[in-house]
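# Structural description and commentary
Spelled out, the chains give:
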Amino acid sequence: MRDYDLICIGCGPAGEKAATQAAYFGHRVAIVEQNDTPGGAMVNTGTIPSKALRETALLCSAFNRRPLPGMNFRVDHNVSVAKFMARRHMIEQQEHDRIESSFDQQGITVHNGRGRLIDANNVDITNQSGEKHRIRGRFVLISTGSSPLRPKPIPFDHPAVVDADGVLNLSRIPARMIIVGGGVIGCEYASIFAEINVQVTLVHNGDHVLPFVDAECRQHLVQAMTYQGVEFRPNCAVKTVEPQPDGTIRVVFEDGSNALTDVLLWAAGRTSNSQNLGLETVGVELGERGLIKVNDHYQTNVPSIYAAGDVIGFPALAATSMEQGRIAACHMFGQSFKSKLTHLMPIGLYTIPAVSMIGQSVDQAEKAGHEVVIGKAQYRYNARGRMLGDEQGLLKCVFDRQTKALLGATIVGEDATELIHLAQCVIANGGGIDYFINTCFNYPSLGELYKYAAYSALQAIGAKRDVMKAA
Ligand SMILES: Cc1cc2nc3c(=O)[nH]c(=O)nc-3n(C[C@H](O)[C@H](O)[C@H](O)COP(=O)(O)OP(=O)(O)OC[C@H]3O[C@@H](n4cnc5c(N)ncnc54)[C@H](O)[C@@H]3O)c2cc1C
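Summarised in this report is the structure supplied together with it. The model shown is predicted, which means the values in this text are computed figures rather than measured ones.

## Some points on the site of the ligand
Taken together, 36 residues lie around the ligand, and Glu33, Ala41, Lys51, Gly115 and Asp310 are the ones closest in. Side-chain polar atom of Thr47 to an oxygen atom of the ligand: 2.9 Å apart, as the coordinates give it. Here Ala318 contributes a backbone N or O atom positioned 2.9 Å from an oxygen atom of the ligand. Here the ligand, which alone exposes 1000 Å², has 94% of that area covered by the protein.

## Quick look at the layout of surface pockets
A water-sized probe, rolled over the atoms, reveals where empty space remains. Within this model, the second largest pocket holds a volume of roughly 760 Å³. In terms of lining, the second largest pocket is formed by 30 residues, of which the most central are Leu58, Arg65, Glu195, Ile352 and Glu414. Where the lining of the second largest pocket is concerned, the elements lending two or more residues are helix H3 (47-65), helix H6 (184-195), helix H7 (215-228) and helix H12 (416-428). Top element by residues in the lining of the second largest pocket is H3. It accounts for eight residues. Residue composition of the lining of the second largest pocket, by class: 13 nonpolar, seven polar and ten charged.

## Description of empty space enclosed by the protein
Enumeration according to the criterion identifies one cavity of 30 Å³ or more in this entry. Size it by volume and the largest cavity reaches roughly 50 Å³. The leading source of residues in the lining of the largest cavity is H3, at three residues. Considered class by class, the residues forming the lining of the largest cavity number four nonpolar, three polar and two charged.

## Remarks on the side chain of Arg233
Relative to the helices and strands, Arg233 resides in strand S11 (residues 231-233). Residue Arg233 is classed as buried on the basis of its relative accessible area of 18%. Within the local environment of Arg233, its side chain forms a polar contact with the side chain of Ser257, the two groups lying 2.9 Å apart. Every residue in contact with Arg233, bar those within four places of it in the chain, is listed here: Thr201, Leu202, Val203, His204, Phe253, Asp255 and Ser257.

## A word on the state of the cysteines
A complete count under the given rule lists zero disulfides for this structure. Just so you know, Cys187 is unpaired, no disulfide at all, and the nearest cysteine sulfur is the one on Cys217, 14 Å from it. Cys440 takes part in no disulfide bond, and the closest cysteine sulfur to it belongs to Cys425, at a distance of 18 Å. Residue classification places Cys440 among the exposed residues on the basis of a relative accessible area of 73%.

## Description of H6
For H6, which comprises twelve residues, the first-to-last C-alpha distance of 16 Å matches the rise-based estimate of 16 Å (1.5 Å per residue) to within 8%. The buried count for H6 comes to ten of twelve residues, which makes it a mostly enclosed element. Of the residues making up H6, those classed as buried are Gly186, Cys187, Glu188, Tyr189, Ala190, Ser191, Ile192, Phe193, Ala194 and Glu195. The inward-facing, buried residues of H6 abut H3, strand S9 (176-180), strand S10 (199-203), H7, strand S15 (263-266) and strand S18 (347-349). A positive backbone phi angle near 70° is found at Asn197, which sits one or two residues after H6.

## Quick notes on the packing of helix H1 (residues 13-24) against helix H5 (residues 86-106)
At their nearest, the axes of H1 and H5 sit 10 Å apart, and the two run at 25° to each other. In terms of axis orientation, H1 runs roughly parallel to H5. Note that H1 runs across H5; the crossing there is left-handed. Contact with H1, carried on its side by Glu16, Lys17, Thr20, Ala23 and Tyr24, involves Arg98, Ile99, Ser102, Phe103 and Gln106 of H5 and no other residues of that element. Here the contact of H1 with H5 is built from residues that sort into four nonpolar, three polar and three charged.

## Some words on the sheet that holds strand S13 (residues 249-253)
Neighbouring strands of a sheet are bound in pairs by backbone hydrogen bonds; such pairs are parallel or else antiparallel. The strand order across the open sheet formed by three strands is S12-S13-S14, and the pairing between neighbours is antiparallel. Each edge of the sheet is formed by a strand with only one pairing partner; in this case those strands are strand S12 (238-243) and strand S14 (258-261). On average, adjacent strands in this sheet sit at an angle of 20° to one another, irrespective of strand direction. As judged from the five bridges shared by S12 and S13, these two strands associate in the antiparallel manner. Paired with Thr240 across the strands is Val252, a residue of S13.

## Structural notes on H5
For H5, spanning 21 residues, the distance from its first C-alpha to its last is 31 Å, which sits close to the expected 30 Å at 1.5 Å a residue. Along H5, the residues that are buried comprise Arg88, Glu92, Glu95, His96, Ile99, Ser102 and Phe103. Seen end-on, H5 carries its buried residues on one side only, within an arc spanning 135°. Exposed residues pointing more than 90 degrees away from the buried face of H5 are listed as Arg87, Asp104 and Gln105. Where H5 is buried, its residues meet H1, strand S2 (29-33), helix H2 (40-44), H3 and strand S3 (109-112). Phi turns positive one or two residues past the end of H5, at Gly107, with a value near 70°.

What counts and what doesn't
- Here the residue index of a chain counts from 1 through its sequence in written order.
- A pLDDT threshold of at least 70 governs which residues receive local features in this predicted model, and a stricter bar of 80 or more applies before side-chain atom pairs are shown or counted, although totals over entire chains, interfaces and linings include all residues.
- In computing side-chain values, all of the structure's heavy atoms are included and hydrogens and water are not.
- Summary of the distance rule: residues count as near a molecule or strand when at least one heavy atom falls within 4 Å of that molecule or strand.
- Distance and chemistry together define a polar contact, namely a pair of N or O atoms within 3.5 Å, with one atom able to donate a hydrogen and the other to accept it when in protein, and with adjacent residues in sequence counting only for side-chain atoms on both sides.
- Areas reported as accessible are Shrake-Rupley estimates using a 1.4 Å probe. Residue values count occlusion only from the protein chains shown.
- A cavity here means a set of points on a 1 Å grid, drawn over the protein atoms and nothing else, where a 1.4 Å probe fits but cannot get out; a pocket is an open set with protein on both sides within 12 Å along at least five of seven lines, and a residue lines either one if it has an atom within 4 Å of a point.
- Grid points are joined across faces, edges and corners, and a volume is the space filled by probe spheres set on the points.
- Here a helix means four or more residues in a row that DSSP labels H or I, a strand means two or more in a row labelled E, and each is numbered from the N terminus.
- Classification convention: Asp, Glu, Lys, Arg as charged; Ala, Val, Leu, Ile, Met, Phe, Trp, Tyr, Cys, Pro as nonpolar; all other residues, Gly among them, as polar.
- Only protein chains enter the area calculation, which uses a 1.4 Å probe; residues under 20% of their type maximum are buried, those over 50% are exposed, and those in between are partly exposed.
- Residue contacts are defined here by distance: any two heavy atoms, one from each residue, within 4.5 Å place the two residues in contact.
- Here, a disulfide means two cysteine sulfur atoms that sit within 2.5 Å of each other.
- Helix span, expected: 1.5 Å multiplied by one less than the number of residues in the helix.
- In this description, a line fitted to the C-alpha atoms serves as the axis of each element, helices being fitted only across the stretch in contact, and the angle between N-to-C directions of two axes falls anywhere from 0 to 180 degrees.
- Convention used here: angles under 35 degrees read as roughly parallel, angles over 145 as roughly antiparallel, angles from 65 to 115 as roughly perpendicular, and any remaining angle as oblique.
- Each crossing gets its hand from how the near helix is turned against the far one by less than a right angle, where anticlockwise is left-handed and clockwise is right-handed.
- Any two strands with at least two DSSP bridges between them are considered paired.
- Summarising the geometry, the arc corresponds to the directions from the helix axis toward the C-beta atoms.

Right, here's the structure in full:
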């Protein structure tokens, strides 16, 4: 039986980064992966494929967004989603190579097969031919991720009814698509498919999609998506899904209405892959919806067993899963190098336009006792924003009125997921209005939006002073 310092079950971003972090400190590490390729949902079914599809969609729509007389481009709807995303495979392959060569360099052993805990230190691995072997670890990290939720009555065996994994294998780009789910995945795919002229209906059960996004920025996103052609159906639930003889799907809603579609994408919820891992046998505590319970160091109630990534729940992002894996590995081996997840976590939504946020929202800042002032800048008044043809883009900053410190920011618009990192640095370093006013940005650049947001906040502060003076 092979003996290791750390065994990671699952080779997504959480497992990969925990493994390389531990190996970096000189520990013997094994990683157990049931798939033939490493990378988990991040590389194979989620983050990278969906973002590759987004980039291709934007490439195809570039002439519509920034019109040039005589230049036109339309997507051939007979092409398969897989072909349309040819670049995805290249990027995935490069990611597989990167991960495998980093494991080789660091002496990390990969065991192919399904891992299952036998006790607090031993893991049984069953490969695809059913052969079993056992390995032992001083520590074990559960990094098995999550899977799309598949409600029983929905006929996922029909080729036109897909979840977030299946959508990548559609045999052709549909003319019509109903997407169920107003969360990140539903909105991202709605805007991506609408961008290539698919007639998209987005069905969700609340008043708003993405309820955690600043209401004004969300409104800009919804407007932009509506303009793209997305039809939003709020407060709407699916009653039945009925495959038709011609291959289309009739979706019947709870309110009695119904609609025909070429593809139904079910993107409402994910479930933690915490089953069949032997966790009950070992006594690892599970919380709501099967999520593994951990402390701030990603350690479960069984001291030798840690868990990180989607399997522990919110925020369930590749970005945070990587950090959690690294922090767990540091804690196991008493390394103070990295001890907790930053409280300044950016959230990025790769919708079209993208949305990104950092720090405190207006409500959170007010609840924390700040007197806030808002600074805003619109892409349409920014030279680079105009070149990009972004009409809806908005940067919204939340500042403390007294200290002028930046407390939070939300951006909706092109490059929002990159641009947010400037706000992240400024918040981390205690900067704010004065920094933005005094610094010099490239011109033309989206970075300049921060300067104009700061000026608008200053104006708001001045306006309040004038009102008070007048009174
Ligand atoms: C459509 C979509 C878009 C996304 N976009 C983004 C984005 O833009 N940005 C972002 O930060 N995040 C994004 N995410 C989320 C991100 O992909 C996940 O948060 C991240 O992959 C989770 O990492 P993980 O390591 O916890 O698990 P996963 O990446 O799910 O990896 C788990 C691995 O464990 C393996 N496994 C499971 N059980 C076993 C077992 N018993 N034995 C052996 N191996 C096992 C699986 O095969 C898999 O390889 C997106 C997700 C989806 C679905």
